Amino acid sequence: MLGKTAGGLFWMFRNLERAGNTARLIEAGFRIALTRSNDPESEWKSVIVTSASRPAYTAKHDGYDSARVTDFLLRDPDNPNSVLSVIKGARDNARLVRTALTTEVWMAVNETWMVLTKALKDPVPETDLPEVLSLIRQQSALVRGALHGTMLRNDIYDFSRLGNFIERMDSTARIIDVKYHALLPATSFVGSRMDNVQWEMILRSVSAHASFRWAVEGDYNAPNIASFLILDRRLPRSLAFCASQIVDHLTYLSDEYRDRPQSLDLAQDLNARLRDRDISSIFDEGLHEFLNAVIRDTNTLGLQIQQDYRFNA
Amino acid sequence: MTKKINHFSEMTAGDDVRAPYRHYQSWFAGQDVNRLSRKAQEAEVFFRRTGITFNVYGQSDAEERLIPFDLVPRILSGAEWTKLSRGIEQRVRAINAFLHDIYNRQEILRAGIVPVELIAKNAAFLPQMMDFTPPGGVYTHIVGTDIVRTGEDDFYVLEDNARTPSGVSYMLENRETMLQMFPELFSKIKVQRVSDYPKNLRRSLEGSAPAGCTGRPCVVVLTPGIHNSAYYEHSFLADQMGVELVEGHDLRVIDGHIAMRTTRGYKVIDVIYRRVDDDFLDPLTFNPASMLGVPGIMDVYRAGNITITNAPGTGVADDKAIYSYVPEIIEFYTGEKAILKNVQTHRCSEPDTLKYVLDNLADLVVKEVHGSGGYGMLVGPAANKKELADFADKLRGNPANYIAQPTLSLSTVPILTDAGLAPRHVDLRPFALVSPNSINIVPGGLTRVALTEGSLVVNSSQGGGTKDTWVLES
């Protein structure tokens, strides 16, 4: 496969994952703002911070409110991470790697782009927001479904999944980090009873609010929720799950290509840090430090994959 | 305004239906026009979802456009096709011989059949190709010959696209769409297949690999990238052939060969089906600012280690002034009379001719010698006074840049309108594949249709549409 094609697949799925994550984040912010109106400004600010787009946002806007934040995250062409921008990016990458995709995957991406471009043509009024956000999630699920259902399990599939999980790992780590610190005025608060609504927002951002109730026989408290999001391998958005998927796909590639790239070593290191751990040892290490190291190492891993497989000249 | 001319109708002859259309007509008579109109809308949705689009330069809001598709097929009998394909084969053979000759011994110039200055002043002529024979001796591997019809037996070649003919993906997708929409029709009427084209293209390209290539030749398609107007076609062809679609920055020269950057290192390639113009092919030899090509590819080419299709410098034969000599070119190299006719062509470079063209501008079609896509041309009968006067100035300013042809009475094939069938003018672009050992012409081609009543302009960039082209089994 061409290095360019591998890179195109990787970024196509990073973009699609990012679109879905942004939609989840907006949904979480929107729900909180609806159900708790005493300080919506700080809620919307925290949504912007979590999406890692604060500098770009403050360059354009002074305050935080539902209309401006959602418009910035959904539609703003100046925001390279807006849903519209990343969907366009995903579709451009899909065109680039058209020969590597089955017709079904290509049509799903192309349709996603057409449907969302139309849905996001004008600012989305609050009444339509839930519908549009659900459409974004559905469309990116459609592409993933086509990928699972029709693609050969070869290197094409591996690069697609790597893009997916590198992005998801980064996103989950950021959500936990930013939210956690927004909530905790001092580390002494760790373990104290938290505001349920705030925790619900964290769980909603990763679509795990219902799973938590089913999977975890414990309270809505910091250690339980952090443990679920970081270490629980049953949750498809947990850091541990993402890391093990990344190791798997790099191992498949290594087997197929009969060489051992540096990225596999990095991924195994990352995975080992999330295996056989309990949350109290992570809290002892310092959650913020731990998450920051994960974000940094995920980024390094992404760059190493890019180099190992010659995405660029 | 429009003059009353009796255009040849390919479907009807008086009150009768012409033989190739009889089965179709009886099927159509049993159809509900409203249902067909709905089918036509379905087809458009299908094209849009599949991404069968072309990009329009300089129009960011309408970045990608569909070429309108009409669901009434254009039907040719087996006998009509046999004659056409023989004529195309003869022409393609002669054009390849001509290209080899003008880049080597130049006998046709010495014999005084084609004027020397037509070659010497030709912008598409590449001195770098002199005294060099491409692998297998083939210059133009893929040719799209534009043909129009004016009567039962009157087929004229409008131009030879020997450089980088496009449109073959539409030929294939149009058929695919028809098969999906009207499967029952194809079980009633036996139509020759076009679906072998990608397989034949790959075989033909592999057959043109350099002599030093051992094992199965590695073929790639070279595209300028996703912003090119024909990008869809490039990716489609690579996909259908099962070969890599590359851009210039995926390639580099390694040990005297061209290699592509893969996830497992560099891999040597043997044949490049390039959809990048000559000028952009090699920044070391041609346009130094080009990012689209491969630095050093011309040296590898001249060392015989890569096949470039179509060969650089092939555009000489695309020139509309050369076109006017093709019947003589055919006779010179094959000793036969041309099977397909040329349209009478006035070369404006000749002073007497220029005067004639200026005097009769309102009745002529004037084209730029190197123009394509319907740009820079004048359709006299459709132009107003000011357009005629403006164009006359351009002509006087640079007469050698233009040729003129009489407006032909193009044949019509019906399209589906809300009111039922209505005749529209068409042309036809069949595609020929040339390898050192064979010439293969897929039975059919791209039929382009002017969707506006009375219009003669069929170009997609000028609002034309396409139709599926059927060649019946005889």
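What counts, and where the lines are drawn
Residues numbered from 1 in each chain as written. Chains lettered and ligands numbered in written order. Predicted model: local features only at pLDDT ≥ 70, side-chain atom pairs only at ≥ 80, totals over all residues. Heavy atoms only, no water. Salt bridge = Lys/Arg side-chain N within 4 Å of Asp/Glu carboxyl O. Buried < 20%, exposed > 50% of the residue type's maximum accessible area, 1.4 Å probe, protein only. Helix = DSSP H or I, 4+ residues; strand = E, 2+ residues; numbered from the N terminus. Pairing = 2+ DSSP bridges. Axes fitted to C-alpha atoms, helices over the stretch in contact; angles between N-to-C directions. Contact = heavy atoms within 4.5 Å. Buried area = accessible area lost by both parts, 1.4 Å probe. Polar contact = N/O pair within 3.5 Å; in protein donor to acceptor, adjacent residues only side chain to side chain. Core = buried A, V, L, I, M, F, W, Y, C linked by side-chain atoms within 4.5 Å. Domains from an automatic or database assignment. Phe/Tyr/Trp six-rings, centres within 6.5 Å; stacked < 30°, edge-to-face > 60°. Lys NZ or Arg CZ within 6 Å of the ring centre and 35° of its normal. Expected span 1.5 Å × (residues − 1).

**Q** Give a description of the pattern of salt bridges that names residues and reports values.
**A** Where side chains of opposite charge bring their charged atoms close, a pairing between them can arise. Residues and elements named next belong to chain A. Going through the model one piece at a time under the given rule, you end up with 49 salt bridges over all chains. The partner of Asp71 in a salt bridge is Arg75, and the shortest N-O contact between them spans 2.8 Å. The class for Asp71 is partly exposed, based on a relative accessible area of 25%. For Arg296, the salt bridge is made with Asp297, and the minimal N-O distance between the two is 3.6 Å.

**Q** I'd like to hear about the pairing of strand S21 (residues 420-429) of chain B, residue by residue, with values.
**A** All names here are of chain B. Burial analysis of S21 places 8 of its 10 residues in the buried class, which makes it a mostly covered element. The sheet contact formed by strand S20 (residues 412-417) and S21 spans 6 bridges and is antiparallel. Counted as the bridge partner of Thr417 is Gly420 from S21. What sits between the antiparallel neighbours S20 and S21 is a turn of 2 residues. For S21 and strand S24 (residues 446-449), the ladder comprises 4 bridges, and the chain directions are antiparallel. From the neighbouring strand, Leu428 faces S24, where its bridge partner is Thr447.

**Q** Explain unusual backbone geometry to me, using residue names and the numbers behind them.
**A** Of the consecutive residues Thr309 of chain B and Asn310 of chain B, the connecting peptide bond is found in the cis state with omega at -15°. The topology assignment puts Asn310 of chain B in the loop between strand S14 (307-309) and helix H11 (320-323). Phi at Arg258 of chain A is positive, roughly 55°, even though this residue is not glycine. Inspection of the secondary structure puts Arg258 of chain A in the loop between helix H12 (239-257) and helix H13 (262-272). The residue Arg310 of chain A is not glycine, and still its phi comes out positive at about 55°. Inspection of the secondary structure assignment puts Arg310 of chain A in the segment after helix H15 (287-308).

**Q** So what's going on with the pairing of strand S7 (residues 154-161) of chain B? Residues and values would help.
**A** Residue and element names in this part refer to chain B. Along S7, 7 of the 8 residues are buried, which leaves the element largely enclosed by surrounding structure. Strand direction decides the pairing type here: strand S6 (residues 142-151) and S7, joined by 7 bridges, are antiparallel. Bridging from a neighbouring strand, Thr145 pairs with Asp160 of S7. Taking the residues between adjacent antiparallel strands as the criterion, S6 and S7 are bridged by 2 residues. Judged from the 2 bridges that link them, S7 and strand S15 (residues 341-342) form a sheet pairing that is parallel. Pairing of Tyr156 across the sheet is with Lys341, part of S15.

**Q** Hey, could you go over the sheet that holds strand S10 (residues 251-254) of chain B for me, with residue numbers and the actual values?
**A** Either a parallel or an antiparallel arrangement is found when strands of a sheet pair, and the pairing is made through backbone hydrogen bonds. Residue and element names in this part refer to chain B. A sheet is described by the order of its strands in space; here 3 strands give the open sequence S10-S11-S12, paired in antiparallel fashion. Two strands bound the open sheet, and with one partner strand each, they are S10 and strand S12 (265-269). With direction set aside, neighbouring strand axes in the sheet form an average angle of 45°. Strand direction decides the pairing type here: strand S11 (residues 257-262) and S12, joined by 5 bridges, are antiparallel.

**Q** Break down the interface of chain A and chain B for me, with residues and values.
**A** Listed per partner, the contact involves 26 residues of chain A and 23 residues of chain B. Buried surface at the junction of chain A and chain B, both sides included, amounts to about 2400 Å², of which 49% is carbon and sulfur. Three residues, Leu2, Arg95 and Thr99 of chain A, lead the burial of chain A against chain B; their summed loss comes to 28% of the area buried on that side. The tally of links from chain A across to chain B stands at 3 salt bridges. For Lys4 of chain A, the salt bridge goes to Asp250 of chain B, with nearest N and O atoms at 2.7 Å. Inspection of the region where chain A meets chain B yields 16 residue pairs in polar contact (both at pLDDT 80 or more).

**Q** How would you summarise the nonpolar core if you had to cite specific residues and measurements?
**A** Met12, Phe159, Ile230 and Leu250 of chain A are the most contacted members of the largest nonpolar core, which has 102 residues in total. For this core, the element with the most residues is helix H1 (residues 3-35) of chain A, which contributes 14 residues. Composition of this core by domain shows at least three residues from each of domain 1 (1-151) and domain 2 (153-312) of chain A. Dropping the residues within four chain positions of it, Met12 of chain A is found in contact with Ala90, Asn93, Ala94, Val97, Leu101, Val105, Val109 and Val143 of chain A. Membership of the second largest hydrophobic core comes to 59 residues, among which are Tyr24, Ala43, Leu237 and Ala238 of chain B.

**Q** Outline the packing of aromatic side chains, listing residues and values.
**A** Applying the stated criterion across every chain, the model contains 23 aromatic pairs over all chains. Each ring, one from Tyr24 of chain B and one from Trp470 of chain B, has its centre 6.1 Å from the other, and the planes form 85°; the classification is edge-to-face. Here Tyr24 of chain B, found in helix H1 (residues 22-29), pairs with Trp470 of chain B, found in strand S25 (residues 465-471); they are 446 residues apart in sequence, far enough to count as distant. Exposure class is identical for Tyr24 of chain B and Trp470 of chain B. Each is buried. Summarising the aromatic geometry, the rings of Trp27 of chain B and Phe182 of chain B are spaced 5.3 Å apart at their centres and angled 80° between planes, so their arrangement reads as edge-to-face. In this pair, Trp27 of chain B is assigned in helix H1 and Phe182 of chain B in the loop between helix H6 (168-181) and helix H7 (183-188), connecting sequence segments 155 residues apart. A relative accessible area of 8% means that Trp27 of chain B is categorised as buried. Of the aromatic side chains, those joined through ring pairs into one cluster are Phe10, Trp11, Phe159, Tyr257, Tyr309 and Phe311 of chain A. Above the plane of the ring of Trp113 of chain A lies Arg91 of chain A, whose end atom (NZ or CZ) is 3.8 Å from the centre. Directly above the aromatic system of Tyr325 of chain B lies the positively charged group of Arg347 of chain B, at a separation of 3.7 Å from the ring centroid.

**Q** Can you lay out H6 of chain B for me, pointing to particular residues and giving the numbers?
**A** Residues and elements named next belong to chain B. Taking 1.5 Å per residue, 14 residues should reach 20 Å; H6 reaches 20 Å between its end C-alpha atoms and fits that length. Counted residue by residue, H6 has 11 buried out of 14 residues, so it is predominantly covered. Residues of H6 that are buried: Val168, Ser169, Tyr170, Met171, Leu172, Glu173, Asn174, Arg175, Thr177, Met178 and Met181.

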